[in-house]
Amino acid sequence: MSEIKQTKSQESSNAIERLYITMRHLFNRGFYKPMGVSGKTLRDALLTLRPEIYGSIAEEKAELDGLLYIIDRLPEGIAECRYIQLTAEEGYNKSKFKAIVPAKRRRNCYRIDKDQMNIEITRGRSDIYDVLTHLTFLYIESEKIAKKVLIDEDGLVTREWEYLESVVIQNKKLTNQDKEVLFSYLSNFLGRTFEEIQTAYHSFSSTKDPNRFFEIIYWMGKLALNEVLEDKKRTITFSPILRERIGHHIYGDIWATNIKTTLFKNDFSQRPIHIISANMHSVMNSLYAPIALPKESKDHKGISLFELLSKDENEGLRKTVKNIASKKGLIYLKDQSGTNINVQIIDTAKINLSKTIYKLPEEEEEKPVLIVMDYAFGEQAYETMDELLKPLDTEEGGKINFNITSISIMGKAGILKGGKGDIMIPKAHVFEGTADNYPFKNDLNKGDFDDVGLGVFKGTMVTVLGTSLQNKDLLEFFHNSTWKVIGLEMEGAHYQKAIQAASRIRGNISKKVKVRYAYYASDNPLETGGTLASGGLGTTGVKPTYAITEKILEKIL
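About the thresholds
Residues numbered from 1 in each chain as written. Predicted model: local features only at pLDDT ≥ 70, side-chain atom pairs only at ≥ 80, totals over all residues. Heavy atoms only, no water. Helix = DSSP H or I, 4+ residues; strand = E, 2+ residues; numbered from the N terminus. Rg over C-alpha atoms; globule rule 2.2 N^0.38 Å. Buried < 20%, exposed > 50% of the residue type's maximum accessible area, 1.4 Å probe, protein only. Contact = heavy atoms within 4.5 Å. Areas by Shrake-Rupley, 256 points an atom, 1.4 Å probe, with all protein chains shown as cover. Lys, Arg positive; Asp, Glu negative; His and termini not counted. Charge placed at Lys NZ, Arg CZ, Asp CG, Glu CD. Axes fitted to C-alpha atoms, helices over the stretch in contact; angles between N-to-C directions. Left-handed = near helix turned anticlockwise from the far one by under 90°. Nonpolar A, V, L, I, M, F, W, Y, C, P; charged D, E, K, R; others polar. 1 Å grid on protein atoms, 1.4 Å probe; cavity = no way out; pocket = protein on both sides within 12 Å on 5 of 7 lines; lining within 4 Å. Points joined across faces, edges and corners; volume = space filled by probe spheres on them. Pairing = 2+ DSSP bridges. Core = buried A, V, L, I, M, F, W, Y, C linked by side-chain atoms within 4.5 Å. Polar contact = N/O pair within 3.5 Å; in protein donor to acceptor, adjacent residues only side chain to side chain. Salt bridge = Lys/Arg side-chain N within 4 Å of Asp/Glu carboxyl O.

Undergrad: Lay out the overall build of the protein with the relevant residues and their values.
TA: Regarding its fold elements, the protein presents 18 helices and 18 strands. Rg of the C-alpha trace for the protein: 25 Å, near the compact-globule value of 24 Å for 557 residues, within the 12% margin. For the protein, the C-alpha atoms occupy an extent of roughly 85 × 65 × 50 Å along the three principal directions. Burial status across the protein gives 56% buried among its 557 residues. Taking the intrachain contacts of the protein between residues at least 6 apart in sequence as the baseline, contacts between residues at least 24 apart amount to 76%. By element, 48% of the accessible surface of the protein is carried by carbon and sulfur atoms, the whole surface being about 25300 Å². Each charge class in the protein was averaged separately, 77 positive and 75 negative side chains, and the resulting centres sit 3 Å apart.

Encoded structure:
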């Protein structure tokens, strides 16, 4: 029998499976050394997978775009810390430690001392996977630096490294010429051109810390050198409380109970309730901006009004909309549970819809109530939706069921056919790495978006374990095989699993509940330069966001 060779997509699928099995094992174990034997499986799997977002991770040269992507999602100062501890919400918010929130991830982190960073995990296992894969990438890149600057086993390093160390440790003020000298030095041991180093320097710099790039590269290399020369191993630990709480819906239960209690106190329990998973601005702006900003809405028709509101300099206009909304039916529930999911409850009976493009039927006695919940993160989508759809337990021992009429999910996703800003209408969600699948009747159709002037695609979506772990081979398989996948995201199957359980098995909500899913493309991971690491959507995202919001509200109202 001839040897059976795995295809590249099969190798990638196996690598992802190894990553997640290993991460679960290390979590249950409670600690590991990422550059030691215990972390080798993670490193090897990531190097086999070569995710698009991590670019040249498997090559000798440094991966700068991928580094910027993960640094924006990890706490400031992470590269300096030898010890990383993942914790539950354990009271650090009541301490004198200052919370550090990464630029592009909603999680609280705390610098305990010069060597230790605590990262708070309240959004489920997906949050753990996200942190560990980013840290594994960081350590692989740091090892590249150490190998390039270390000349011999006695600790002799290159003169370029010595100069970088003197600049960072002494916090030297640099002239433009000094910076260019450093660009040249870094070019030597990072394996990148002078121009690429210069570009990276400006991408990493901030007003508060213009030399951030130099500092990150130095500390990455320094800690890797410390491991080699002084056996000072970096260590990742998981607190006992986190290991005890994960998977038990503790945060989701607190979050959902607060929402349902608010609904009950406002006598909304038997009104038609429509849940919308979206951002905290599009539904509010669609309903209230024409009312709050009559002059601007007259001068800026349609999407242009929302583009105006999205500009950084128009914070005053956004505040005006929020103030009017709070007086006309919007209740804002800032998260206190640790889920990091804020919520708006909107009573449409208090909105004068004649000033908007929406219209309620005259004969409808009970006006809809909207629950707008901010985006969940991966597996957290199941926890939050599952808890939200349960009845409310009263103090007297009774149960209050809510009249959940529809559930709409709007989100960003990677697209496999099309470009940034295009729209995807799923008819099923498939779990990556399994044959688990969730077909459903989508109340949104491709034809609903004929007039929006964007590319619109209908088909299957794959719910992935982590967007940062995808590679072209695996995505091309999903797209070109009979799965006919049009895009990838992290929450869809988790939401649908909770909805189907509540409506078809547990009887918590009606079997007739309408579901609506629509995604807009944040990136195309099959295109070179089209991954998430290439940058955000910017104003390109305004049009599809509001187009989808408008169609969802038209179905409800």
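Undergrad: Tell me what's going on with the packing of helix α5 (residues 159–169) against helix α8 (residues 212–230), and back it up with residues and numbers.
TA: Two elements in contact, α5 and α8, have axes whose closest approach is 10 Å; the angle formed by their N-to-C orientations is 115°. As for the relative orientation of α5 and α8, their crossing is left-handed in sense. Listed contacts from α8 to W161, L164, E165, V168 and I169 of α5 are F214, E215, I217, Y218, W219, G221, K222 and L225. Tallied by class, the residues present in the contact of α5 with α8 amount to 9 nonpolar, 1 polar and 3 charged.

Undergrad: Quick rundown of the layout of surface pockets? Include the residues and the values.
TA: Of the volumes computed, that of the second largest pocket is approximately 750 Å³. Around the second largest pocket sit 30 residues that line it, and E379, F431, E432, T434 and L465 are the ones nearest its centre. Breaking the lining of the second largest pocket down by element, the ones donating at least two residues are α1 (8–29), α4 (125–149), α15 (380–388), β14 (423–431), α16 (472–480) and α17 (492–505). Residue contributions to the lining of the second largest pocket peak at 8 residues, all from α1.

Undergrad: If you had to explain the sheet that holds strand β4 (residues 109–111) to someone new, which residues and values would you point to?
TA: The strand order across the open sheet formed by 6 strands is β1-β6-β2-β5-β4-β3, and the pairing between neighbours is mixed. Among the strands making up the open sheet, the edge pair consists of β1 (31–32) and β3 (99–100). Pairing of β1 with strand β6 (residues 235–238) involves 2 bridges; the strand directions are antiparallel. Among the inter-strand pairings, Y32 is bridged to a residue of β6, identified as I236.

Undergrad: Please set out the nonpolar core residue by residue, giving values where relevant.
TA: Core analysis: the largest hydrophobic core is formed by 87 residues, its most contacted members being L67, I84, L86, L164, L186, F213 and F214. Element by element, the count of residues in this core is highest for α4, at 12 residues. Of all hydrophobic cores here, the second largest spans 44 residues; its members include L293, M410, I423 and V542.

Undergrad: Could you give an account of the side chain of T348, naming the residues involved and the relevant values?
TA: Relative to the helices and strands, T348 is located in the loop between β9 (343–347) and β10 (369–373). T348 sits in the buried class, given a relative accessible area of 1%. A polar contact of 2.6 Å, which involves the side chain of T348, links it to the backbone oxygen of P368. Non-local contacts of T348, meaning those with residues more than four positions away in its chain, are made with L360, K367, P368, L370 and L557.

Undergrad: Kindly report on the pattern of salt bridges, identifying the contributing residues and their values.
TA: In this structure the tally under the stated criterion is 31 salt bridges. One salt bridge in this structure joins E63 and R192, with 3.6 Å as the shortest N-O distance. Within this pair, whereas E63 is found in the loop between α2 (37–49) and α3 (64–71), its partner R192 is found in the loop between α6 (176–190) and α7 (194–204), the two being separated by 129 residues in sequence. On the basis of relative accessibility, which here comes to 13%, the residue R192 falls in the buried class. The residue R107 makes a salt bridge to D127 at a minimum N-O spacing of 2.6 Å.

Undergrad: Break down the pairing of β9 for me, citing the residues and quoting the values.
TA: Of all 5 residues in β9, 5 are buried, a share of seventy percent or more. Along β9, one buried face is formed by V343, I345 and D347 and the opposite face, lined by Q344 and I346, is buried too. The sheet contact formed by strand β8 (residues 330–333) and β9 spans 4 bridges and is antiparallel. Counterpart to Y332 in the pairing with β9 is Q344. For β9 and β10, the ladder comprises 5 bridges, and the chain directions are antiparallel. Pairing of D347 across the sheet is with V369, part of β10.

Undergrad: Explain the environment of Y185 to me, using residue names and the numbers behind them.
TA: Checked against the element boundaries, Y185 lands in helix α6. Separated by 51 residues in the primary sequence, Y185 and H134 have C-alpha atoms spaced 26 Å apart. Excluding its chain neighbours within four sequence positions, the residues that come into contact with Y185 are R159, E160 and Y163.

Undergrad: Lay out empty space enclosed by the protein in plain terms, naming residues and giving numbers.
TA: Tallying each qualifying case throughout the model produces 8 cavities of 30 Å³ or more. Put simply, the largest cavity is a space of about 90 Å³. Considering the residues around the largest cavity, the lining is formed by I121, T122, G124, L242, R245, I246, G247, H248, H249, I250, Y251 and E383. For the lining of the largest cavity, the secondary-structure elements that each account for two or more residues are α9 (240–245) and α10 (250–265). Each pocket or cavity is described by its volume, and for the second largest cavity that value is around 70 Å³. Along the wall of the second largest cavity there are 14 residues; nearest its centre are D130, T133, G466, T467 and S468. With 5 residues, the top contributor of residues to the lining of the second largest cavity is α4.

Purely geometric numbers; function is a separate question.
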